[in-house]
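Architecture at a glance
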Amino acid sequence: MNNQPNQKSYTSQETLCPICDSQNFTWGRTVGESANLWVYFRADQAGWGGGEKLRARKCLNCNNVQLFT
């Protein structure tokens, strides 16, 4: 059973900033100590190598940062 509220399906590029409702963003990525290292999402039950690279979106109006897989 899905307890998620019914929401419109948007791509991450189309959604508004949840803080200020702006659509003015810059895209990038999260990095570790070294600029060429990606940060990954890995579900608790996933094994090593089962992760997804995280992309980041920064609102240019309020500086809110969101992560996307």
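Keep in mind it's a predicted model, so treat the numbers as computed, not measured.

The next thing to look at is the overall build of the protein chain. A tally of regular secondary structure across the protein chain gives 0 helices and 5 strands. A buried classification covers 14% of the 69 residues belonging to the protein chain. Here the contacts in the protein chain between residues at least 6 apart in sequence split such that 45% fall between residues at least 24 apart. For the protein chain, the exposed surface amounts to about 5,800 Å²; the carbon and sulfur share of it is 47%.

Turning our eyes to something else, we now look at unusual backbone geometry. Not every positive phi belongs to a glycine, and aspartate 21 is a case in point at roughly 65°. Within the secondary structure, aspartate 21 is located in the segment before strand S1 (25–29).

Another point: the environment of valine 65. Residue position: valine 65 is located in strand S5 (residues 65–68). When the C-alpha positions of valine 65 and phenylalanine 25 are compared, they lie 9.4 Å apart, and in sequence the two are 40 residues distant. Those residues within four positions of valine 65 in sequence are excluded, and the remaining contacts are Ala56, Arg57 and Lys58.

Applying the stated criterion across every chain yields a total of 0 disulfides. Looking at cysteine 59, it has no disulfide partner, and the nearest cysteine sulfur is the one in cysteine 20, 3.6 Å off. Residue classification places cysteine 59 among the buried positions, given a relative accessible area of 1%.

Attention now moves to the pairing of strand S4 (residues 55–59). If a strand is regular, its side chains alternate between the two faces of the sheet. In this sheet, S4 lies alongside S1 in antiparallel orientation, the contact comprising 5 bridges. When the sheet's bridge partners are listed, tryptophan 27 is paired in S4 with arginine 57. When S4 meets S5, the two strands line up antiparallel, connected through 4 bridges. Bridging across to S5, lysine 58 finds its partner in valine 65. Between the end of S4 and the start of S5, which pair antiparallel, lie 5 residues, with asparagine 63 showing a positive phi angle near 70°.

The rules behind these values
Along each chain, residues carry numbers from 1 onward, in the same order as the chain's sequence is written. Restriction of local features to residues with pLDDT of at least 70 applies here, the model being predicted, together with a cutoff of 80 or more for giving and counting side-chain atom pairs; totals for whole chains, interfaces and linings are based on all residues. Heavy atoms throughout the structure, all of them, feed into the side-chain values; hydrogens and water do not. Secondary structure elements are defined from DSSP: runs of H or I of at least 4 residues count as helices, runs of E of at least 2 residues count as strands, and each element is numbered from the N terminus. Classification of residues uses two cut-offs on accessible area relative to the type maximum, computed with a 1.4 Å probe and protein chains only: under 20% is buried, over 50% is exposed, and between them is partly exposed. Throughout, a residue-residue contact means that at least one pair of heavy atoms, one from each residue, lies within 4.5 Å. Here, Shrake-Rupley sampling with a 1.4 Å probe gives the accessible areas, and only protein chains in the shown set may cover a residue. The term disulfide is used for any two cysteine sulfur atoms that are within 2.5 Å. Whether two strands pair comes down to DSSP finding at least two bridges between them.

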